[in-house]
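Each chain, letter by letter, is given below.
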Amino acid sequence: MAKVVNWLAVCSIAFDVQIIARNTVNGESAFYTFEGAARNVAGATALIGAIAVGAEGENDTAWSASVSASDATDAIIITGNAGASGDNIRWVATVRTTEVAIGDL
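Residues numbered from 1 in each chain as written. Predicted model: local features only at pLDDT ≥ 70, side-chain atom pairs only at ≥ 80, totals over all residues. Heavy atoms only, no water.

A. Molecular detail of the overall build of the protein chain. Looking only at helices and strands, one finds zero helices and eight strands in the protein chain. The order of helices and strands in the protein chain, counted from the N terminus, is β-β-β-β-β-β-β-β. The burial tally for the protein chain puts 30% of its 105 residues in the buried class. (Helix = DSSP H or I, 4+ residues; strand = E, 2+ residues; numbered from the N terminus. Buried < 20%, exposed > 50% of the residue type's maximum accessible area, 1.4 Å probe, protein only.)

Written as structure tokens, this is what we have:
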């Protein structure tokens with residue numbers, strides 16, 4: 001699973017991400033939370049500090065999720081892995097953002 005959250009080209013964004021996952025075959029589940037911020041100045045996107053990993057829990061330790069900033073796509077990328085062979089995982093994320101943009105920097 002990968003999800004892209006795009007925003008304006010001259011903007012700073014604070015975000016929190018809540019992720020829940022469930023194996024559709026055996027019911028194993030996981031949750032993850034992340035908080036962070038990024039900025040885009042003249043088309044260059046970068047994190048503001050490090051992304052904070054919050055609460056997390058999983059029935060299968062082979063599962064993982066991550067959040068990153070992409071300069072190539074000017075976006076926040078949310079990723080969940082495929083788990084072990086035979087896993088059929090449904091990933092769902094809720095993303096809350098606060099954004100500010102001031103003129104063309």
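B. Spatial organisation of unusual backbone geometry. Not every positive phi belongs to a glycine, and Ala42 is a case in point at roughly 55°. With respect to the secondary-structure elements, Ala42 resides in the loop between β3 (29–41) and β4 (44–47). Even without a glycine there, the phi angle at Asp74 is positive, about 50°.

C. Quick peek at the packing of aromatic side chains. Counted under the stated rule, the structure contains two aromatic pairs. Ring plane angle 25° and centroid distance 6.2 Å describe the contact between Tyr32 and Trp91, whose orientation is recorded as stacked. Taken together, the residues Tyr32 in strand β3 and Trp91 in strand β8 (residues 89–100) connect sequence positions 59 residues apart. Among the residues examined, Tyr32 registers a relative accessible area of 3% and is labelled buried. A ring pair is formed by Trp63 and Trp91, whose centres lie 6.2 Å apart and whose planes are at 55°; its orientation type is tilted. Taken together, the residues span a long stretch of sequence, with Trp63 in the loop between β5 (52–58) and β6 (65–70) and Trp91 in strand β8 at a distance of 28 residues. Look at Trp63 and you get buried, because its relative accessible area is 2%. One aromatic cluster in this structure is built from Tyr32, Trp63 and Trp91. (Phe/Tyr/Trp six-rings, centres within 6.5 Å; stacked < 30°, edge-to-face > 60°.)

D. Just the nonpolar core, in detail. One finds Val17, Ile19, Tyr32, Phe34, Val67 and Trp91 to be the most contacted residues of the largest nonpolar core, which totals 17 residues. Where this core is concerned, the elements lending two or more residues are β2 (12–23), β3, β6, β7 (75–80) and β8. Ranked by residue count, the leading element in this core is β2, at five residues. The contact partners of Phe34, leaving out residues within four places of it in the chain, are Phe15, Asp16, Val17, Ile19, Ile51, Ala52, Val53, Ala65, Ser66 and Val67. (Core = buried A, V, L, I, M, F, W, Y, C linked by side-chain atoms within 4.5 Å. Contact = heavy atoms within 4.5 Å.)

E. Seen up close, the pairing of β2. Of the two faces of β2, only the one carrying Ile13, Phe15, Val17, Ile19, Ala21 and Asn23 is buried; Ser12, Ala14, Asp16, Gln18, Ile20 and Arg22 on the other face are not. Judged from the 11 bridges that link them, β2 and β3 form a sheet pairing that is antiparallel. Bridging across to β3, Ser12 finds its partner in Arg39. Counting the residues that bridge the hairpin from β2 to β3 gives five residues, and of these Gly27 lies at a positive phi of roughly 85°. (Pairing = 2+ DSSP bridges.)

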